[in-house]
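Coordinate inspection notes
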Amino acid sequence: APVLAVDVGGTKFAVGMVDADGEVYRAARAPTPPTAGSAELWRTLSELVDHIREGERIAGVGIGCGGPMTWPRGEVSPLNLAGWRDFPLRAELTAKFPGAPVRIHNDAICVAIAEHWRGAGRGSANMLGMVVSTGVGGGLILGGKVIDGGTGNAGHIGHVIVEPEGVACGCGGRGCLEAVARGPALAAWALDQGWRPTAPEMPDDAYREYGSATARRLAADAIAGDEIALSAMARAGHALGLAIASASHLCDLDVVTIGGGVSQAGHVLFGPLDVTLREHARMDFARRVRVVPAALGQDAGLVGAAALVLAGDR
Ligand code: ADP
Ligand code: BMX
Ligand code: ZN
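Being a predicted model, the structure only gives us computed values, none of them experimental.

So, how was this worked out
Residues numbered from 1 in each chain as written. Chains lettered and ligands numbered in written order. Predicted model: local features only at pLDDT ≥ 70, side-chain atom pairs only at ≥ 80, totals over all residues. Heavy atoms only, no water. Donors = N, O, S within 2.8 Å, 3.2 Å for Na, K, Ca; no water. Tetrahedral: all angles 85-135°; square planar, octahedral: opposite > 155°, others 65-115°. Pairing = 2+ DSSP bridges. Helix = DSSP H or I, 4+ residues; strand = E, 2+ residues; numbered from the N terminus. Core = buried A, V, L, I, M, F, W, Y, C linked by side-chain atoms within 4.5 Å. Buried < 20%, exposed > 50% of the residue type's maximum accessible area, 1.4 Å probe, protein only. Axes fitted to C-alpha atoms, helices over the stretch in contact; angles between N-to-C directions. Contact = heavy atoms within 4.5 Å. Parallel < 35°, antiparallel > 145°, perpendicular 65-115°, else oblique. Left-handed = near helix turned anticlockwise from the far one by under 90°. Nonpolar A, V, L, I, M, F, W, Y, C, P; charged D, E, K, R; others polar.

**A short note on the coordination of the zinc ion (ligand 3)**
At this site the zinc ion (ligand 3) is bound by His159 (ND1), Cys169 (SG), Cys171 (SG) and Cys176 (SG), with donor distances of 2.1 to 2.4 Å. Between the four donor atoms coordinating the zinc ion (ligand 3), the angles at the centre fall across 105 to 120°, so the site counts as tetrahedral. Counting residues between consecutive donors of the zinc ion (ligand 3) along the chain gives the motif H-x9-C-x1-C-x4-C.

Right, here's the structure in full:
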């Protein structure tokens, strides 16, 4: 039987049916407005889940959710989803599907599992799977094994410090990679520098991040050659390069996969990232790391969440 997979991101819920080979065959998304309260969020998710399941028999429910969370208990407080604080997501879905196994992990850990299983990390026993979107997340596979960490929160590379005196982060810290390289931070920085979006309005932007600006429009302007937009993407690339150089030294990685909305900017981001990485990863073992775009696109979180059930995880 298929797995019902749930992905809780900073701007949207995604729900899909995933078969035993990791193929997503039915999926839908719903935005999570920043103002939505706890009950409204649960109602939205619950309806989406019913809509996608279509009454089919399921092997279980797999959930990827933005961190931090208590794990494996699954009370979630996604940093970028203010409406949920200590929300008992695993317990609520267990109550909704009595008898079915319900497994949960960090959303970026799920993405890493998926990229390792079926994506750009295939065949790499030591990898970091990253997501650069509303937040910046990561999950580690070392020696072919998923690394949970003491409380299920390992791999949170978004909160590695790249600027000790840098801007405040949602986690309470300062100068975290996420504070610099998350999509909304890029748009805010560029506006501050005097950028005014020239790329046309993009109707499928989930909602405006800052006025009419989004990282998506910023990336389009950068690709068209706008100087400030290029600097903003380069700043993010530089921060990512620093964090990846550190991670490579720490974990002796084969591959880093990068997905999430902001990664779709392409070479305006990956170019500067590579320059910084080459500059700061000095030892041969760290220099061998390959940084590649994620292969699975927006379904990665669902595939990884399904894998939690298929692998009979905790
Ligand atoms: P979520 O955070 O909910 O997982 P996404 O992965 O779509 O959602 O990430 C949303 C972020 O990615 C926003 O900041 C958005 O502006 C940015 N984004 C989306 N598409 C692009 C693109 N093509 N280039 C650059 N940034 C993008
Ligand atoms: C979240 C982060 C990660 C998550 C990442 C990307 C914390 C506490 N949570 O802020 O768990 O993987 O950003 O998530 O750092 P997304 O919601 O932007 O897709
Ligand atoms: Zn932080």
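**What to know about the sheet that holds strand β6 (residues 75–76)**
In spatial order, the strands read β5-β6-β7; together these three strands make up an open sheet with antiparallel pairing. Looking at which strands have only one partner, the edges of the open sheet turn out to be β5 (69–70) and β7 (87–88). Judged from the two bridges that link them, β5 and β6 form a sheet pairing that is antiparallel. Following the sheet pairing, Met69 is matched in β6 by Val76.

**Overview of the nonpolar core**
By size, the foremost hydrophobic cluster in this structure holds 45 residues, and its most contacted members are Met130, Leu177, Met233, Val256 and Ile258. Listed by contribution, the elements that provide at least two residues to this core are β9 (127–132), β10 (136–142), α4 (177–181), α5 (183–192), α6 (215–223), α7 (227–251), β12 (255–259) and α8 (267–280). Looking at this core, the element that brings in the most residues is α7, giving twelve residues. Counting 31 residues, the second largest nonpolar core, distinct from the first, contains Leu41, Leu48, Trp84 and Ala100.

**Thoughts on the sheet that holds strand β4 (residues 60–65)**
Strands sit in the order β3-β2-β1-β4-β8 across an open sheet of five strands; the sheet is mixed. At either margin of the open sheet sits one strand with a lone partner, and together these are β3 (24–31) and β8 (102–106). Strand-to-strand, the axes of this sheet are offset by a mean angle of 15°, without reference to chain direction. As defined by bridge partners, β4 adjoins β8 across five bridges and the pair is classed as parallel. Within β8, the position partnered with Gly64 by the bridge is His105. Docked against the sheet, helix α2 (residues 89–96) engages β1 (3–8), β4 and β8, running at close to 155° with respect to β8. Set on the sheet, helix α10 (residues 300–310) makes contact with β1, β2 (12–18), β3, β4 and β8; between it and β1 the angle comes to about 130°.

**As for the packing of helix α1 (residues 38–53) against α2**
Where α1 meets α2, the closest approach of the two axes is 12 Å, and the angle between their N-to-C directions is 40°. What the angle tells us is that α1 and α2 run oblique. With respect to the hand of their crossing, α1 and α2 are arranged in right-handed fashion. Here Trp42, Leu45, Ser46, Val49 and Asp50 of α1 lie close against α2, whose contacting residues are Leu89, Glu92, Leu93 and Lys96. Grouping the amino acids of the contact of α1 with α2 by side-chain chemistry returns five nonpolar, one polar and three charged.

**Overview of the side chain of Ser248**
Tracing the backbone through its elements, the reader meets Ser248 in helix α7. Every residue in contact with Ser248, bar those within four places of it in the chain, is listed here: Leu253, Phe285, Ala286 and Val289.

**A look at the pairing of β3**
Relative to β3, β2 runs antiparallel, the two sharing seven bridges. What sits directly across from Val18, in β3, is Val24. Two successive antiparallel strands, β2 and β3, enclose a turn made up of five residues, where Gly22 displays a positive phi of approximately 85°.

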